[in-house]
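Structural description and commentary
What follows is the residue order along each chain.
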Amino acid sequence: QVQLVESGGGLVQAGGSLRLSCAASGTFSNYVMAWFRQAPGAEREFVAAISRGGSTTDYADSVKGRFTISRDNAKSTVNLLMNSLKREDTAVYYCAAEVDGVASCSQSMWYDYWGQGTQVTVSS
């Protein structure tokens, strides 16, 4: 069983920045990691993913150029740096892990473990 614990959410003004972190248990270097988000009344959507070694990243078009995903395999953490935040970025953000994944993936069905989520609220 893989435990994922997110942190770093909060309230920020539009145009501001936040950094989310997710700490994982187990053999972290075996996991493809990703962030998803879910706004009220909406479906969960892909935000960003990163390969096991960190060399490949993938982003949703809506966050490309503003968000950066990174990982530290020595610390078993994955981060999401969010810049130029917009009101439409308001959502609960979830960390997800795909065990023994071969490539970063935007499809939620491939991820085996999920964190509890952290709220991000962007005010105007």
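As shown above, the structure is provided for reference.
Summarised in this report is the structure supplied together with it. What you are looking at is a predicted structure, and each value in this text was computed from that prediction instead of being measured. Counting of residues starts from 1 at the beginning of each chain's written sequence and follows it residue by residue. Side-chain atom pairs in this predicted model are given and counted only at pLDDT of 80 or more, local residue features only at pLDDT of at least 70, and totals for whole chains, interfaces and linings cover all residues. Excluding hydrogens and water, the side-chain figures rest on all heavy atoms present in the structure.

**Observations regarding the pattern of salt bridges**
Applicable threshold: Any carboxyl oxygen of Asp or Glu within 4 Å of a side-chain nitrogen of Lys or Arg constitutes a salt bridge here. Runs of H or I in DSSP of at least four residues are treated as helices and runs of E of at least two as strands, each being numbered from the N terminus. Throughout, exposure labels follow a simple rule: accessible area from a 1.4 Å probe, protein chains only, divided by the maximum for the residue type, with under 20% read as buried, over 50% as exposed, and the rest as partly exposed.
Applying the stated rule across the entire model yields four salt bridges. With a closest N to O distance of 2.9 Å, R37 and D89 form a salt bridge. Taken as a pair, R37 in strand β4 (residues 31-38) and D89 in the loop between β8 (77-82) and β9 (91-99) lie far apart in primary sequence, 52 residues in all. Of the two residues, R37 and D89, neither departs from the other in class, the shared state being buried. A salt bridge links K64 to D61, with the nearest nitrogen and oxygen atoms 3.1 Å apart. Salt bridges sharing partners connect three or more residues here, namely R37, E45, R66 and D89.

**Focus: unusual backbone geometry**
Keep in mind that most residues, glycine aside, have a negative phi and that most peptide bonds are trans. A positive phi angle, near 50 degrees, is found at S84, a position not held by glycine. Within the element layout of this structure, S84 appears in the loop between β8 and β9. Judged by relative accessible area, which is 40%, S84 ranks as partly exposed. One non-glycine residue, D100, lies in the positive phi region at around 60 degrees. Within the secondary structure, D100 sits in the loop between β9 and β10 (113-114).

These values are about where atoms sit, not about what they do.
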